[in-house]
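# What the coordinates show
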Amino acid sequence: MKKKITNVMEIMQGDITKLDVDAIVNAANRSLLGGGGVDGAIHRAAGPILLEECRKLGGCNTGKAKITNGYNLKARHVIHTVGPVYSGKPEDSLLLSQCYFNSLQIASQNNLYSIAFPAISCGVYGYPVDDACRIALDTVCRFLKEEKGSVTKVIFILFSSKNYDIYEKYLKEISGA
Ligand code: ADP
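So, here is what we can say about the structure in this document. Residue positions within a chain follow its written sequence, with the count starting from 1. Per-residue local features are limited, in this predicted model, to residues with pLDDT of at least 70; the limit for side-chain atom pairs, both in listing and counting, is 80 or more; totals at the level of whole chains, interfaces and linings are taken over all residues. Values shown for side chains rest on all heavy atoms present in the structure; no hydrogens or waters enter the calculation.

### Section: helix H2 (residues 48-55)
Defined as follows: Each residue is assigned to one of three classes by its accessible area relative to the maximum for its type, calculated with a 1.4 Å probe on protein chains only: buried under 20%, partly exposed between the two thresholds, exposed over 50%. Secondary structure counts use DSSP, requiring at least four H or I residues in a row for a helix and at least two E residues in a row for a strand, with both numbered from the N terminus. To obtain the arc, one takes the directions from the helix axis to the C-beta atoms. Throughout, a contact is declared for two residues whenever any of their heavy atoms are within 4.5 Å.
All of the buried residues along H2 are Leu-50, Glu-53 and Cys-54. Along the long axis of H2, the arc covered by the buried residues comes to 100 degrees, so they all point the same way. Pointing more than 90 degrees away from the buried face of H2 are the exposed residues Pro-48 and Arg-55. Considering only its buried residues, H2 is in contact with helix H1 (37-46), strand S3 (65-69) and strand S4 (77-82).

Structure (C-alpha cells):
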C-alpha cells in the first residue's frame, strides 16, 4: 500500500538546535548574518564558523533558501530561508510558501532525507500562527506529491505548546484522523 503523505510529517515540541536530522531550517533574515530568535539559537549552537560560511553567501532574498554545513550542531546542514515580515497582503502567503518549498528542494538536491522546520515568520516577523501552519503543512504536502525526491521525514518543531497544539490539530485534520 502507498504510504500516506501525512505519515512523512511529524509535529514536535522543543528546541530545533537539538535535533539529529540531515538539515534544520533557519528562519533567517536577508543578511544571513545572524539575528535573534531561532536564528540566534542556531548560530550559538553551531559555533562562529557558521557565520563565516554565511558571510560568503551574499545574503538571501525573501522566500529563497541557501544551505550551509551544520558544524557543532547534531544536524548535518542548516538550510537558511527568509520568511516574509507579516503585512497582511496576499504576497505574504506566497512568500512563506516559497520558503518551505525552496528549502525542501534544496534538501532534495543535496540528497537529504530528514528535515526540520521551525515556525518561520511566526516570531518577530509577526505571522499569525494559524495561517502560517496551514501554509507550512499544505506546502509540504504539495512538495511531497509533486517532487519528494530524497525527502522521507519532515518535522515541524514548535517552541510553545500553544503552537504545537495548532499544528497537531491541523495535521490530524488533513490526515483524516
Ligand atoms: P521570524 O523572524 O521568522 O519570525 P523568530 O526566530 O522570531 O523568526 O521566530 C520563529 C519561531 O521560532 C517562533 O515561533 C519562535 O517561538 C520559534 N523559536 C525560537 N527559538 C526556537 C528554537 N530554538 N527551536 C524551535 N523554535 C524556536
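Text resumes after the structure shown.
### A few points about the site of the ligand
For clarity, the cut-off: When we say a residue is near a molecule or strand, we mean one of its heavy atoms is within 4 Å of it. We call two N or O atoms a polar contact when they sit within 3.5 Å, provided that within protein one can donate a hydrogen and the other can accept it, with sequence-adjacent residues counted only if both atoms are side-chain atoms. Per-residue and other accessible areas follow the Shrake-Rupley method at a 1.4 Å probe size, with only the shown protein chains counted as cover for residues. Gly is placed with the polar residues, together with every amino acid not listed as nonpolar (Ala, Val, Leu, Ile, Met, Phe, Trp, Tyr, Cys and Pro) or charged (Asp, Glu, Lys and Arg).
Around the ligand sit 15 residues, and of these Asp-15, Ile-16, Val-38, Ser-121 and Gly-123 come closest. Within the side chain of Asp-15, an N or O atom sits 2.8 Å from a nitrogen atom of the ligand. Between a nitrogen atom of the ligand and a main-chain N or O atom of Ile-16, the distance comes to 2.9 Å. Across the complex, the protein chains shield 88% of the 560 Å² of accessible surface that the ligand would expose by itself. No other element matches H1, which puts three residues into the shell around the ligand. Within the shell around the ligand, the residues separate by chemical class into nine nonpolar, five polar and one charged.

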